[in-house]
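Geometric and topological summary
Below are the chains, spelled out letter by letter.
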Amino acid sequence: MLNKIEIFNMAQAMAQHAATRQTAVAQNVANADTPGYRARDVASFAETYQTQTSQGLRATRSRHFLPGEDSFSAQTRISATPGTESPNGNTVSLEQEMLNATDVKRQHDMALTVYSSSLNILRTTIGR
């Protein structure tokens, strides 16, 4: 039932995006000393969500799309920050990764807040 309400879909997509970005941050920190490793990041949620929802295709019946075909997915990309390469070719900046991790936590908290607030509004409207 909740998967047909757009605000819940957006909150879920935001949480998935935060998880994908957290994975990229964790991989960057784990490879901070790996020679030649390139730091990775994920495009912003706004860009990713807008790209995936602006295609104009919406399932109006359960059999229009195959399962999982219209799910949210964010792609990890190599982040381009010029001038941050270390002598061994590594581009990971631990300071930047700490900032990214803080941003991921903020985004995940926002997704949870959107979800719980929307759920409270829904409960209020049905009288529970």
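For the structure itself, consult the block above.
Bear in mind that the values here come from a model prediction, so they are computed numbers and not experimental data. (Residues numbered from 1 in each chain as written. Predicted model: local features only at pLDDT ≥ 70, side-chain atom pairs only at ≥ 80, totals over all residues. Heavy atoms only, no water.)

Attention now goes to the overall build of the protein chain. A tally of regular secondary structure across the protein chain gives 3 helices and 2 strands. Ordered by position in the sequence, the α and β elements of the protein chain form the string α-β-α-β-α. When burial is assessed residue by residue, the protein chain has 25% of its 128 residues classed as buried. When contacts within the protein chain are restricted to residue pairs at least 6 apart in sequence, long-range pairs at least 24 apart make up 80% of them. In the form shown here, the protein chain has an accessible surface area of approximately 9,000 Å², with 56% of it arising from carbon and sulfur atoms. (Helix = DSSP H or I, 4+ residues; strand = E, 2+ residues; numbered from the N terminus. Buried < 20%, exposed > 50% of the residue type's maximum accessible area, 1.4 Å probe, protein only. Contact = heavy atoms within 4.5 Å. Areas by Shrake-Rupley, 256 points an atom, 1.4 Å probe, with all protein chains shown as cover.)

Bringing the nonpolar core into the picture now. Counting 5 residues, the largest nonpolar core is built from Ala13, Met14, Phe45, Tyr49 and Ala111. If we ignore the near neighbours within four places in the chain, the residues touching Met14 are Phe45, Gln107, Met110 and Ala111. (Core = buried A, V, L, I, M, F, W, Y, C linked by side-chain atoms within 4.5 Å.)

The first and last C-alpha atoms of helix α3 (residues 94-126) sit 48 Å apart over 33 residues, in line with the 48 Å expected at 1.5 Å per residue. Residues of α3 that are buried: Glu97, Asn100, Val104, Gln107, Ala111, Ser118 and Leu119. Within two residues after α3, Gly127 carries a phi angle of roughly 85°, on the positive side. (Expected span 1.5 Å × (residues − 1).)

Turning to the pattern of salt bridges, a few remarks are in order. One pass over the structure, following the stated rule, counts 5 salt bridges. Ionic pairing is found between Arg38 and Glu85, a salt bridge with its closest N-O pair at 2.9 Å. Of this pair, Arg38 sits in the loop between α1 (6-30) and β1 (40-42) while Glu85 sits in the loop between β2 (76-78) and α3, placing them 47 residues apart in sequence. Two residues, Lys105 and Asp109, come together in a salt bridge whose shortest N-O distance is 2.7 Å. Here Asp109 and Lys105 lie together in helix α3, a separation of 4 residues that amounts to about one turn. Looking at Asp109, the relative accessible area reads 34%, which means it is partly exposed. When salt bridges with common partners are traced through the structure, they connect Arg21, Asp41, Asp103 and Arg106 into a single cluster. (Salt bridge = Lys/Arg side-chain N within 4 Å of Asp/Glu carboxyl O.)

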